[in-house]
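Listed below, chain by chain, are the residues.
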Amino acid sequence: MIRIYQGNNMHRLILSAAILLSACGGETPLTEQTNDFAGRGSNNPNTLLEPLTGLLDLAPPPANPERNAYFGDLHVHTAYSFDAYAFGTTATPYDAYRYARGEALTHPSGYQIQLQTPLDFYAVTDHAMFLGVVKEAADTRSEFSRYQIAESLHDINDPDNMDRGSITQRVRLFANFIPDMLEGLQNGSIDPELSNGITRRAWLDTIRAAGQFNEPGQFTTFVAYEYTSGSDDRGNLHRNVIFRGAERLPVAPFSRFNSQNPEGLWDWMDGLREQGVESLAIPHNSNGSNGQMFKLEDWAGNPLDDQYAARRMRNEPLVEVTQIKGTSDTHPLLSPNDEWANFEIYPFRVGTSLPSQPSGGYVREAYLNGLALEAQGIANPFRFGLVAASDTHVAGAGFDEASFFSKAGILDGDAVGRGSVSPSFLYGAMIRLMEPELIREVEGRKYIGNSGFETWSASGISGVWAEENTREAIYSAFHRKETFATSGPRIKLRFFAGTSFEPTMLQAGDMVRQAYEQGVSMGGELAAAGSAPKFLVWAVGDPLGAPLQRLQIIKGYLKNDQPVEKIFDVACADGFQPGPGHRCPDNGARVNLADCSISAELGDVELLTLWEDPEYDAELDAFYYVRVLENPTCRWSTWDALRAGVAPRSDLPATIQERAWTSPIWVR
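Residues numbered from 1 in each chain as written. Predicted model: local features only at pLDDT ≥ 70, side-chain atom pairs only at ≥ 80, totals over all residues. Heavy atoms only, no water.

A.B. asks: So what's going on with the overall build of the chain? Residues and values would help.
C.D. replies: Helices and strands together make up the secondary structure of the chain, namely 14 helices and 28 strands. For the chain, the residues scored as buried account for 63% of the 668 residues in total. For the chain, the exposed surface amounts to about 24,000 Å²; the carbon and sulfur share of it is 49%. (Helix = DSSP H or I, 4+ residues; strand = E, 2+ residues; numbered from the N terminus. Buried < 20%, exposed > 50% of the residue type's maximum accessible area, 1.4 Å probe, protein only. Areas by Shrake-Rupley, 256 points an atom, 1.4 Å probe, with all protein chains shown as cover.)

As structure tokens, then:
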């Protein structure tokens, strides 16, 4: 049985559970690995590793100058993350890359998970904070396991301890580990050099895994990690740091132990860049930041200026717009005239049941605020492109609604844990042990997951347009923001703007070549010089997904110094044309909730158009980005209820419309 370290209390239990849920191994046991950095010493993230042999890229196949669409996940946790291991994940970075290549993986709850279609690129992003430490604490062969605070974690993930009833015990014991670890490091009862050595070995193993599975032209891995920070009001400020190459890397990742201020992270990245080490950071879950991610002042409370904008854009050209913990495009309170704004809204500060302030936490508003700063003569710090990711904590993600398995191991690995199905009497004892705020009652039935599980999403995937499937080409796409994001389906999106585009190019065999030569692609800037721009928009649906319903352009600008946003349907499925209000008619696509079947005969596989803004004003700077919607399908919570033979929760959406977004084009 799992041993529980005494002295805990419910306050610490709930606090640490929040940390666990917010966060969003190697081929041999960590204690058996040897390398030049396996011994003791400081975790100085400014120190570079010597070049690792056997990990350099090979020559890729010929490149495609018109670029290919590649899909991947840039936010993946394995057993080296403190929270993932605590909730049953034993999968290593090596296992994660095998999963991305299409191999099956055993979920902590005991069943097999596997992608329908392999991915093109992948990044393991374990938490820099406590990297590898919880895994080491559980291994009774390790020196660290001899500490008293590690006793409660001994053998936590042995098969005998993986039953569903161990969840409450796991939360209780881990509630002690986090504060006791911090206290021990502070008072000297825990040797920081021992902890640092664990982190360095885990980091080096992460690098080796990425090197082993990187196959230029076929599959790309990125060395990466998660920087986990937050504001004083528990707003989420997490970033994933992605390195371009693997020839030279820091000896340890920069973490919140080095600085809780994200601007400190940027300074560190700039310092590495001066040494030839290129990286970028991707903020995520701005929706759960309580308005802190895109606020209009810096960490010290000073107004934003040109220096801040340049530093942020140099280090953060992208933002994660959707993932398991909800979508950060926009919020109904911020976009009341957008009928599709209420999509997979996660209403809490990450890892808590506290509400998250929408303003300052959503991408579209940040784009508008960036225009307002430019109008004041200040550089725009919010000109970022869009990507998506999963934030899975089991090494592999479920992007499909019908097979969604959530992210937090055995905590939410079944329908009861996710809050989509009411527990039977077998779980009554567990419910009674939980705090009242973690239980929700709907129509007389109790559900677990009032702190957000039921609002989690089967999302998302990053798309890039790159010449070839290599680190260099895909990273270059990141940097120029030729990226798009999907809520799970493999929808392909292309978006160009130019002042000399002609309708005939839509029938041309070299349409894409013309678009690149005569205009700019997503992520770029177009100087219109008084001429009305034309936008080439092209969406191709996922062969395994639902048909496409409508193609939209979202426009933002300032008028009389006030932000304005407009939604234009620019292409409609089933032969329809946009009508009054620039909206497509309802194409009649519906979902049969009795079996989740859809109107497969409605909708289109492809939507393509050349669009000119009917309200274009040459005096106004603006941004434009694309959103494409599929026909409605069952949400994952409805699939859970269908399999359980019960009615779906009435307070959750029964259906959703999967979608994809492009990075914007800014028109001056």
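A.B. asks: Account for the sheet that holds strand β16 (residues 520-521), with residues named and values stated.
C.D. replies: One open sheet holds the 4 strands; their spatial order is β16-β15-β18-β23, and the pairing between them is antiparallel. Two strands bound the open sheet, and with one partner strand each, they are β16 and β23 (606-612). In terms of strand pairing, strand β15 (residues 492-498) meets strand β18 (residues 534-540) through 7 bridges, oriented antiparallel. For Phe-495, the partnering residue across the bridge sits in β18 and is Val-537. On the sheet, helix α13 (residues 511-518) packs against β15, β16, β18 and β23 and is oriented at approximately 45° with respect to β15. (Pairing = 2+ DSSP bridges. Contact = heavy atoms within 4.5 Å. Axes fitted to C-alpha atoms, helices over the stretch in contact; angles between N-to-C directions.)

A.B. asks: Could you give an account of the sheet that holds strand β9 (residues 326-327), naming the residues involved and the relevant values?
C.D. replies: The strand order across the open sheet formed by 3 strands is β9-β8-β10, and the pairing between neighbours is mixed. The sheet terminates laterally at β9 and β10 (385-388), the two strands that pair on one side only. Relative to β9, strand β8 (residues 318-323) is paired through 2 bridges, and the arrangement is antiparallel. Each bridged residue has a counterpart across the sheet, and for Gln-323 the counterpart in β9 is Gly-326.

A.B. asks: Give a detailed account of the packing of aromatic side chains, specifying residues and quantitative values.
C.D. replies: Under the criterion given, the structure shown has 37 aromatic pairs. Taken together, a centroid distance of 6.3 Å and an interplanar angle of 25° make the contact between Phe-623 and Tyr-625 stacked. Comparing Phe-623 with Tyr-625, the two get one shared label, buried. Put simply, the rings of Phe-294, Tyr-367, Phe-382, Phe-384, Phe-623, Tyr-625 and Trp-666 pair up and form one aromatic cluster. (Phe/Tyr/Trp six-rings, centres within 6.5 Å; stacked < 30°, edge-to-face > 60°.)

A.B. asks: Tell me about the state of the cysteines, and name the residues and values.
C.D. replies: Here, disulfide denotes a covalent bond that connects the sulfur atoms of two cysteines. The tally for this structure, following the rule as stated, stands at 2 disulfides. Across a sulfur-sulfur distance of 2.0 Å, Cys-572 and Cys-584 are joined as a disulfide pair. Between Cys-572 and Cys-584 the disulfide shows an S-S torsion of about -85°. By sign, it is left-handed. Here Cys-572 is found in strand β20 (residues 562-572), whereas its partner Cys-584 is found in the loop between β20 and β21 (591-592), with 12 residues between them in sequence. One exposure class covers both Cys-572 and Cys-584, and it is buried. Between the sulfur of Cys-596 and that of Cys-634 lies a disulfide, 2.1 Å long from S to S. Across the S-S bond linking Cys-596 and Cys-634, the dihedral sits near -95°, which makes this disulfide left-handed. Taken together, the residues span a long stretch of sequence, with Cys-596 in the loop between β21 and β22 (597-598) and Cys-634 in strand β25 (residues 633-634) at a distance of 38 residues. When sorted by exposure, Cys-596 lands in the same class as Cys-634, which is buried. (Disulfide = S-S within 2.5 Å.)

A.B. asks: So what's going on with the nonpolar core? Which residues, and what values?
C.D. replies: Core analysis: the largest hydrophobic core is formed by 81 residues, its most contacted members being Tyr-225, Phe-243 and Leu-551. Residue contributions to this core peak at 7 residues, all from helix α6 (residues 192-213). Sequence-distant contacts of Leu-551, defined by excluding residues within four places in its chain, comprise Leu-493, Val-537, Trp-538, Ala-539, Phe-568, Asp-569, Val-570, Ala-571, Leu-607, Val-626, Arg-627 and Val-628. Listed in part, the 29 residues of the second largest apolar core include Ala-366, Leu-371, Phe-384 and Ile-554. (Core = buried A, V, L, I, M, F, W, Y, C linked by side-chain atoms within 4.5 Å.)

A.B. asks: Explain the packing of helix α3 (residues 93-100) against α6 to me, using residue names and the numbers behind them.
C.D. replies: The interhelical angle for the contact between α3 and α6, taken along N-to-C directions, is 30°, at an axis separation of 9 Å. Relative to α6, the element α3 is oriented roughly parallel. Crossing handedness for the pair α3 and α6: right-handed. Along the contact surface, α3 presents Pro-93, Tyr-94, Tyr-97 and Arg-98, while α6 presents Asp-205, Thr-206, Arg-208, Ala-209, Ala-210, Gln-212 and Phe-213. Residue composition of the contact of α3 with α6, by class: 6 nonpolar, 2 polar and 3 charged. (Parallel < 35°, antiparallel > 145°, perpendicular 65-115°, else oblique. Left-handed = near helix turned anticlockwise from the far one by under 90°. Nonpolar A, V, L, I, M, F, W, Y, C, P; charged D, E, K, R; others polar.)

A.B. asks: I'd like a rundown of the pattern of salt bridges, residues and numbers included.
C.D. replies: Counted by the stated rule, this structure contains 38 salt bridges. Arg-383 is the partner of Glu-374 in a salt bridge, and the nearest nitrogen-oxygen pair spans 3.9 Å. Overall, Arg-383 belongs to the buried group, its relative accessible area being 15%. Through salt bridges with shared partners, one network takes in Asp-329, Asp-338, Arg-364, Glu-565 and Arg-627. (Salt bridge = Lys/Arg side-chain N within 4 Å of Asp/Glu carboxyl O.)

A.B. asks: Account for the environment of Asn-315, with residues named and values stated.
C.D. replies: Within the element layout of this structure, Asn-315 appears in helix α8 (residues 306-315). Taking relative accessible area as the criterion, Asn-315 reaches 0% and is therefore assigned buried. Linking Asn-315 and Met-269, residues 46 residues apart in sequence, is a C-alpha distance of 7.2 Å. The residues touching Asn-315, leaving out its near neighbours within four places in the chain, are Trp-266, Met-269, Asp-270, Arg-273, Leu-280 and Ala-281. Of note is the side chain of Asn-315, whose polar atom sits 3.1 Å from the side chain of Arg-273. (Polar contact = N/O pair within 3.5 Å; in protein donor to acceptor, adjacent residues only side chain to side chain.)

A.B. asks: Can you explain α6? Please cite residues and give values.
C.D. replies: Over its 22 residues, α6 extends 32 Å from the first C-alpha to the last, a length consistent with the 32 Å expected when each residue adds 1.5 Å. In terms of residue burial, α6 counts as a mostly covered element, since 18 of its 22 residues are buried. With a side-chain oxygen positioned 2.9 Å from the backbone nitrogen of Glu-193, the residue opening α6 is Asp-191. (Expected span 1.5 Å × (residues − 1).)

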